[in-house]
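Listed below are the residues making up each chain.
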Amino acid sequence: MTVDQLNPEPLWDQLAEIIAAKIKAGEYKPRQVLPSETRLQQEHGVSRGTVRRAMRHLGEQGWTVTVQGRGTFVNERENWPTD
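Keep in mind that what you see is a predicted model, and the values were worked out from it rather than measured. (Residues numbered from 1 in each chain as written. Predicted model: local features only at pLDDT ≥ 70, side-chain atom pairs only at ≥ 80, totals over all residues. Heavy atoms only, no water.)

Enquirer: What am I meant to see in the pattern of salt bridges here?
Expert: When the charged atoms of two side chains with opposite charge come close together, those side chains can pair. Summed over the entire model, instances satisfying the criterion amount to five salt bridges. Notably, a salt bridge pairs R52 with E37, separated by 3.1 Å at the nearest N-O pair. Highlighted residues: R52 in helix α3 (residues 48-61) and E37 in helix α2 (residues 37-44), separated in sequence by 15 residues. Its relative accessible area of 44% is what places R52 among the partly exposed residues. A salt bridge links E43 to R39; the nearest nitrogen and oxygen atoms lie 2.8 Å apart. One end of the pair, E43, and the other, R39, are both in helix α2, four residues apart, so they sit about a helical turn from each other. We classify E43 as partly exposed; its relative accessible area is 35%. Residue classification places R39 among the partly exposed positions, given a relative accessible area of 47%. The network of salt bridges with common partners includes E37, R48 and R52. (Salt bridge = Lys/Arg side-chain N within 4 Å of Asp/Glu carboxyl O. Helix = DSSP H or I, 4+ residues; strand = E, 2+ residues; numbered from the N terminus. Buried < 20%, exposed > 50% of the residue type's maximum accessible area, 1.4 Å probe, protein only.)

Enquirer: Can you help me understand the environment of F73 in this one?
Expert: Along the chain, F73 falls in strand β2 (residues 71-74). Sequence separation between F73 and P35 is 38 residues; the distance between their C-alpha atoms is 9.2 Å. Every residue in contact with F73, bar those within four places of it in the chain, is listed here: R31, Q32, V33, W63, T64, V65 and V67. (Contact = heavy atoms within 4.5 Å.)

So, in structure tokens, the structure goes:
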């Protein structure tokens, strides 16, 4: 699953949806560190700004928590947004 460059939805939003789907599916578990910005850039063929915007959005929604100098982690399940 990767972003679709031809989709009119913003790339950062597509990336955030992909990561949130992986969290919901259990591919990324609570308290697990997410891949680095560089790795996400390479995997999805997007810019660092796109990755940062997606990660900021995930944090605002409650999916993730960023700890400066350590990375971005999947938040505890009770903090996830409800659908």
